[in-house]
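The lines below spell out each chain.
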Amino acid sequence: TQNRIYNFNAGPAALPLPVLEEIQESFLNFAGSGMSITEISHRSKWFDDVINDAAERTKRLLNLDNRFKILFIQGGASMQFCMIPMNLLPEGRSADYVNTGTWSTKAIKEVKVLGKNVNIAGSSEDKNFSYIPKDLQFSRDAAYVHITSNNTIKGTQWAQFPDTQGIPLMADMSSDIMSRPFDTAPFGVIYAGAQKNIGPSGICMVIIRDDMLERVPENLPAMLKYTTYSEKNSMYNTPPCFTIYTVQLVLKWLEETVGGLDKMEEINNKKAELLYSLFDSSSFYRGTAEKDSRSKMNVTFRLPDEELEKAFIQKALDNGFGGLKGHRSVGGCRASIYNATGLDAIEALVDFMKTFEKNNG
Ligand code: PMP
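Counting restarts for each chain: residues are numbered from 1 in the order of the written sequence. Reporting of local features is limited, given that this is a predicted model, to residues whose pLDDT is at least 70; pairs of side-chain atoms are given and counted only at 80 or more, and all residues count toward the totals for whole chains, interfaces and linings.

You'll find the chain entered in an unreviewed UniProt entry as Phosphoserine aminotransferase, with Desulfonema limicola given as the organism. UniProt positions are given in the numbering used here, feature names are shortened, and annotations may be inferred rather than shown by experiment. Per UniProt, the chain has the following entry under Function (unreviewed entry): "Catalyzes the reversible conversion of 3-phosphohydroxypyruvate to phosphoserine and of 3-hydroxy-2-oxo-4-phosphonooxybutanoate to phosphohydroxythreonine."

See below:
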């Protein structure tokens, strides 16, 4: 653990230390196989146990009923932007998208690239995506409604998911999956690039309801078809075994060490509250998201000017706080405080920020 910094990276991001230690310990000889997890066959019993356990833990943690299948697909969350309309938006129908920032915008673009119909059911573009829109106009005959549950760059998050009146919800939960419990019933697909809250980069977790699988058309390339993955337990081709193994360990940590998503949410609420209450009592730090839309995962903020922001990010780094620079498209500062970033890290950061304000405010 020597020389490890407080890691506020947006993704790839901090992983729980016990997970990293377990990987280190098992790295040369995985489960008595005499091989590393990076050397074993994905067709082995050892790897079957890994991928099945990861899926079972996902079902338990999210309280999913058995209509849901857990798939592991490469290509990141970005590939889901095209896979969802290719698989689940039939010719002649249209899909509703809520545009809450960079990632939603990219998801919408892919539907258009495919020449399919998209209706913007709500948007916060008018105020630079600083809030989650409340005024939503769903079309009655939409094939699905797509949202981004947490907006990694703009620092906003849906506190409550919209009522779509039975139209299946598709959610990009890349940056807040497993951060809180929620009712999964309205969802047709939940997907998340692993590299923020559940593992390293290399895999996207796709949770799909069985009635969605029935929509998948025959004439799609195998690798872009959800049924290829559901029929072959995500092993039609060679999956990234090491990434999936790490996801399994993170989920085990969530279940057995943290104690599930209720506990995780409690901790995440406390962490976010520490930072936001600093903003609310300071004229030096200014949160960029509207209060009722604030993300509990990506806390975005500004200092009085860009020179001070630069000095702040450098000084923070010198003091062992990494990853506080805002996304290159928006500037400013951002503390990503995913599950693996503990309360102790936030407390230390808030202390540092108070001192920085005292010396520079
Ligand atoms: N959606 C969201 C909400 C994200 O934060 C990101 C990554 N920053 C993506 C999608 C893209 O993910 P990937 O790099 O796995 O394609």
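On we go from here.
Take the nonpolar core next. Joined through C-beta atoms within 7 Å, a set of buried Ala, Val, Leu, Ile, Met, Phe, Trp, Tyr and Cys residues constitutes a nonpolar core. Residue burial here comes from a neighbour count, namely the number of other C-beta atoms, placed from the backbone, that lie within 10 Å of the residue's own C-beta, with 20 or more meaning buried, 12 or fewer meaning exposed, and in between meaning partly exposed. Formed by 98 residues in total, the largest nonpolar core has its most connected members in V189 and M205. By residue number, the principal contributor to this core is helix α7 (residues 241-258), which donates nine residues. Helix and strand assignments come from DSSP, with helices taken as H or I runs of at least 4 residues and strands as E runs of at least 2, each series counted from the N terminus.

Contact geometry for helix α3 (residues 76-88) and helix α4 (residues 102-113): axes closest at 8 Å, N-to-C directions at 40°. Considered as vectors, α3 and α4 are oriented oblique to each other. Handedness of the α3/α4 crossing: right-handed. Contacts from S78, F81, C82 and P85 of α3 reach α4 at K106, A107, E110 and V111. Only Asp, Glu, Lys and Arg are considered charged in this grouping, and only Ala, Val, Leu, Ile, Met, Phe, Trp, Tyr, Cys and Pro are considered nonpolar; every other residue, Gly among them, is considered polar. For the contact of α3 with α4, the residue count by class is five nonpolar, one polar and two charged. Fitted lines through C-alpha atoms serve as axes, helices being fitted only where they are in contact, and the angles separating the N-to-C directions of these axes extend from 0 to 180 degrees. Any angle from 65 to 115 degrees is called roughly perpendicular, while one under 35 is roughly parallel, one over 145 is roughly antiparallel, and all others are oblique. By definition, any crossing whose near helix is turned counterclockwise from its far helix by less than a right angle is left-handed, and any crossing with a clockwise turn is right-handed. By the criterion used throughout, residues are in contact when their C-beta atoms, derived from the backbone, lie within 7 Å.

What follows deals with the packing of helix α2 (residues 45-62) against α7. Between α2 and α7, whose axes approach to 9 Å, the crossing angle comes to 40°. Comparing their axes, α7 and α2 come out oblique. In terms of crossing hand, the pair formed by α2 and α7 is left-handed. Here F47, V50, I51, D53, A54, R57, T58, R60 and L61 of α2 lie close against α7, whose contacting residues are C241, I244, Y245, V247, Q248, L251, K252, L254 and E255. Within the contact of α2 with α7, the residues separate by chemical class into eleven nonpolar, two polar and five charged.

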